[in-house]
Amino acid sequence: MDQLKNFADNRLLRGCIYCSGTANTRDHVPSKCLLEHPYPPNLPVVGCCDTCNQTFSKDEEYFVCIIESALCGSTDPEKIARPSVARIMQRSPALRKRIDASRTEIGGQVAYVPEMERINNVMLKLARGHAAFELSQPCHERPDHFWCGPLSSLPQENQELFHAVHFQQIFGEVGSRNMQRLLVVQMAQKSETGEQQNVGMLINDWIDVQDEQYRYIAIDDMGMLIVRIVVAEYFACEVAWGLDMSGGDSAVISF
Ligand SMILES: [Zn+2]
């Protein structure tokens, strides 16, 4: 990943970005267990307290193991595709047993019923981390919108909006990494009288942390913060803060 400095007001982000307690350690977003060796350079890091760090790492291990079990149809380390996840399964028989206990079959296919509280915990934590690192926005409050699930469960009509780049309307936090990443492009537009004119647009694109493994987009626009994440091109989430759900904001929310 490109190494970008945060020039935004850092007072917003002092302390643990998850619970606003004292930050005595640093946390990778995404956590390394969501990625494979060799890790991409310049992984985002945020300030974090020990308690949050430890709680999340248990849930993250569970998350990567159940995702991989669902993808591979087994908890057997021999059948698990990701080497680092196979190692977790090998050294944590209790975790493997717990996931096996949630095994079921749907239409002849192996499936696992996830512990949603732990999954939600991980996805919300990742979204908060991206909002802090990319947008320089602390998001301690509960989100106004939260969805996560397999990408395939996203209704067809929402898929396009979910995967799309974002056309920035209003500048977000001045100096944030996101502001530095925005691409300026010239696009040809036809006016009502048929004349062609070039219009400058700002594009906020998805960030590929690791191919096929993890990507996200963080948006700060029109008073809203939206983070979308895709893990292993299989599991996705969309989290938003600052939405007036009764208004017309649904146009920017894909689900
Ligand atoms: Zn904390």
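Here, the structure is the one placed above.
Before going into details, it helps to say that this report is about the structure given with it.

Criteria and thresholds
Residues numbered from 1 in each chain as written. Predicted model: local features only at pLDDT ≥ 70, side-chain atom pairs only at ≥ 80, totals over all residues. Heavy atoms only, no water. Pairing = 2+ DSSP bridges. Helix = DSSP H or I, 4+ residues; strand = E, 2+ residues; numbered from the N terminus. Axes fitted to C-alpha atoms, helices over the stretch in contact; angles between N-to-C directions.

Concerning the pairing of strand S3 (residues 103–106)
- As paired strands, S3 and strand S4 (residues 109–112) are joined by four bridges and run antiparallel to one another. Each bridged residue has a counterpart across the sheet, and for threonine 104 the counterpart in S4 is alanine 111.
- Joining the antiparallel neighbours S3 and S4 is a turn of two residues, in which glycine 107 adopts a positive phi near 55 degrees.

Remarks on the sheet that holds strand S8 (residues 196–204)
- Taken in spatial order, the three strands line up as S6-S8-S7 in an open sheet, and their pairing is antiparallel. The open sheet has two edge strands, strand S6 (166–167) and strand S7 (183–190), and neither has a second partner.
- Two elements, S6 and S8, share two bridges in a ladder whose sense is antiparallel. Looking at S8, one finds that phenylalanine 167 is bridged to isoleucine 203.

Here we look at the sheet that holds strand S11 (residues 224–231)
- Pairing within the open sheet is antiparallel, and its five strands lie in the order S5-S12-S11-S10-S9. Only two strands of the sheet have a single neighbouring strand rather than two, namely strand S5 (145–150) and strand S9 (207–210). Each neighbouring strand pair of the sheet contributes to a mean axis angle of 10 degrees, computed without reference to strand direction.
- One ladder, built from seven bridges, connects S11 with strand S12 (residues 235–241); its direction is antiparallel. When the sheet's bridge partners are listed, valine 230 is paired in S12 with alanine 236.

Such coordinate-based values are descriptive only and should not be taken to indicate function.
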